[in-house]
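Remarks on the overall topology
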Amino acid sequence: MIKIELKLFATLSHYLPDSSSPFFIEQGTTIGQVASKLGIPDSELKLTFVNGIQQPLWHILNDGDRVGIFPPVGGG
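Structural notes, computed from the coordinates. No experiment lies behind these values; they were computed from the predicted model shown. (Residues numbered from 1 in each chain as written. Predicted model: local features only at pLDDT ≥ 70, side-chain atom pairs only at ≥ 80, totals over all residues. Heavy atoms only, no water.)

Re the packing of aromatic side chains
- The tally for this structure, following the rule as stated, stands at 2 aromatic pairs.
- Measuring from centroid to centroid gives 4.2 Å for phenylalanine 9 and phenylalanine 70, while their planes differ by 0°, and the two rings are stacked. On the criterion of sequence distance, the pair formed by phenylalanine 9 in the loop between β1 (2–8) and β2 (23–25) and phenylalanine 70 in strand β5 (residues 66–70) is long-range, its members being 61 residues apart.
- The exposure class of phenylalanine 9 is partly exposed, given its relative accessible area of 33%.
- Phenylalanine 70 gets classed as partly exposed once you look at its relative accessible area, which sits at 27%.
- Joined through ring pairs, the aromatic side chains of Phe9, Phe49 and Phe70 make up one cluster. (Phe/Tyr/Trp six-rings, centres within 6.5 Å; stacked < 30°, edge-to-face > 60°. Helix = DSSP H or I, 4+ residues; strand = E, 2+ residues; numbered from the N terminus. Buried < 20%, exposed > 50% of the residue type's maximum accessible area, 1.4 Å probe, protein only.)

Thoughts on the nonpolar core
- The biggest cluster of nonpolar side chains holds 18 residues, and the ones touching the most others in it are Leu6, Leu8, Ile40, Leu61 and Ile69.
- Elements that contribute at least two residues to this core include exactly β1, β2, α1 (31–37) and β5.
- No other element matches β1, which puts 4 residues into this core.
- Filtering out sequence-adjacent residues up to four positions away, leucine 6 remains in contact with Leu16, Phe23, Val34, Leu38, Val67 and Ile69. (Core = buried A, V, L, I, M, F, W, Y, C linked by side-chain atoms within 4.5 Å. Contact = heavy atoms within 4.5 Å.)

In structure tokens form, the structure reads like this:
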């Protein structure tokens, strides 16, 4: 198991479990797999960052990574 720091923003915050800091995952887990495990629909995923750098959903996470997931944002 490895640990990551996971932040879900705006409308995604309710998917985050109460005991999520730190968030433990299996070695070799991708951002998309974390989102799926939390029950976040693909349609609600817009931007994903690891350690401040935008990454695709297939990015494999490493121990100590800081992960931020953002939903689509409307407005204008």
